[in-house]
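The residues making up each chain are set out below.
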Amino acid sequence: MSKLFVAGEVFHGPGSLEELKNIKGKKAFIVTGGSSMKKSGTLDKAIAYLNEAGIETTVFDGVEEDPSSATSFKGAEAMRAFQPDWIVGLGGCSAIDAAKTMWIFYEYPDTNFDSLIKPFNVPVLRNKAKFIAIPSTSGTGTETTGLAVITDREKGVKYPIVSYELTPDVAIIDGEICASMPAHVTSNTGLDALTHCVEAYVSNIDDNFADVLAKGGLAIVFDNLKEAVKNPSNITARQNMHDASFMGGLAFNNAWLGIVHSLSHQVGALFGVPHGCANAIFLPNVIRYNSKVSTRFPDLAKVIGKETTEELAQAIEALRLDVNNIGSIKEFGVSQEDWNAKLDYMAANALADPCTGFNPRKPTIEELKAIYQACYNGEVVNF
């Protein structure tokens, strides 16, 4: 028997932010990033809708990209002072992931961060508050996943905190919120959504629901990402990408991910490579690597009008170029000296990453290093 894990309520479509007017509660603690949600008017709209529902609000802003454990502790302290019964993650995945971990420390102030690194080790939540996720980027699918990625700045490691307890109670998938998203962010996050679809489909967990969602999300990304990057005001393309992001998130929430994410977590933490950008660099070579044990890649190739695993990998490389993304870590500006100094450390952390356990092929540390090196140079890996 399997169980399908999904956000409790899902509202999607342009203008669906208005559903906040129907929330029942007393206090909402809104977590957001820099100024984009304020500048676009989305934050003020959200506050107005919640106030219309009779809910008092407060805002915790300034969540950084790749949010840190320190930010989570700080936000949880503010939550304990305000005592909300709703937590609202509004903005990019960083804001929502930070809000999720704040939620843990709000309900369990004495929890040790290191204990959360172990998969499925988050204590039972919803003793004090429920969670609403409202994404402004179309990539991570965090609005429907039991996942939050938090960076330990002292160790230079991104940790995926994995627990179905973190799956939001309400998800609002409103494409209008994405209209102000810059082209490079649209590109990076869209390639992240694509990666979720591919990795969920070939993971070592068989799930018919995840398979259909992964294929559907993949098709939508190939049909809409270039348009969303080129014409950001096209709300149809924006909503389609937002839906694809949710579909990819729902797929991997039930089938999980693989070593593309394990590899990406490290270069994001150490070198600041945007997550979707890193995923798109590693994905084609990981497809080639995993194809030695998985026969599922041609299924995905057929979704986009191709036939073979190699054609799928090359189509992803072509899409990556079409949406103005880079094809190697070197292009991001990481020096060979810095790369070599961190290679063993990154490979060891990638091997220990929870996502590695769901990869269809069990890697060795030497194989991970070989993939890293090929992707640093933008070369095709050969195993």
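Heads up: the structure comes first, above all this text.
Basis of the calculations
- Residues numbered from 1 in each chain as written.
- Predicted model: local features only at pLDDT ≥ 70, side-chain atom pairs only at ≥ 80, totals over all residues.
- Heavy atoms only, no water.
- 1 Å grid on protein atoms, 1.4 Å probe; cavity = no way out; pocket = protein on both sides within 12 Å on 5 of 7 lines; lining within 4 Å.
- Points joined across faces, edges and corners; volume = space filled by probe spheres on them.
- Helix = DSSP H or I, 4+ residues; strand = E, 2+ residues; numbered from the N terminus.
- Nonpolar A, V, L, I, M, F, W, Y, C, P; charged D, E, K, R; others polar.
- Phe/Tyr/Trp six-rings, centres within 6.5 Å; stacked < 30°, edge-to-face > 60°.
- Buried < 20%, exposed > 50% of the residue type's maximum accessible area, 1.4 Å probe, protein only.
- Pairing = 2+ DSSP bridges.
- Axes fitted to C-alpha atoms, helices over the stretch in contact; angles between N-to-C directions.

A. Representation of empty space enclosed by the protein in the model. Tallying each qualifying case throughout the model produces 2 cavities of 30 Å³ or more. Lining the largest cavity, in full, are V198, E199, V202, G258, L283, V286, I287, N290, F297, N359 and P360. Elements that contribute at least two residues to the lining of the largest cavity include exactly α6 (183-202) and α10 (275-290). Per-element accounting of the lining of the largest cavity gives the leading share, 4 residues, to α10. Along the lines of polarity and charge, the residues of the lining of the largest cavity split into 7 nonpolar, 3 polar and 1 charged. If you add up the space inside the second largest cavity, you get close to 40 Å³. Considering the residues around the second largest cavity, the lining is formed by S138, M181, T186, T189, G190, L225, A228, R238 and M241. Counting residues per element, the ones that place at least two in the lining of the second largest cavity are α6, α7 (208-230) and α8 (235-255).

B. Seen up close, the packing of aromatic side chains. In this structure the tally under the stated criterion is 14 aromatic pairs. With a centroid separation of 5.9 Å and 50° between ring planes, the pair formed by Y164 and W256 is classed as tilted. Residue Y164 is found in the loop between β7 (157-162) and β8 (170-173), and its partner W256 is found in the loop between α8 and α9 (259-271); the two are separated by 92 residues along the sequence. Look at Y164 and you get partly exposed, because its relative accessible area is 23%.

C. Looking closely at the sheet that holds strand β3 (residues 56-60). Pairing is parallel across the open sheet formed by 6 strands, whose spatial order is β1-β8-β5-β4-β2-β3. Across the chains shown, the open sheet's two edge strands, defined by having one partner strand only, are β1 (9-12) and β3. Within this sheet the neighbouring strands show an average axis-to-axis angle of 15°, counted without direction. Bridging between strand β4 (residues 86-91) and strand β5 (residues 130-135) involves 6 bridges; their strand directions are parallel. Within β5, the residue paired with G89 across the bridge is A133.

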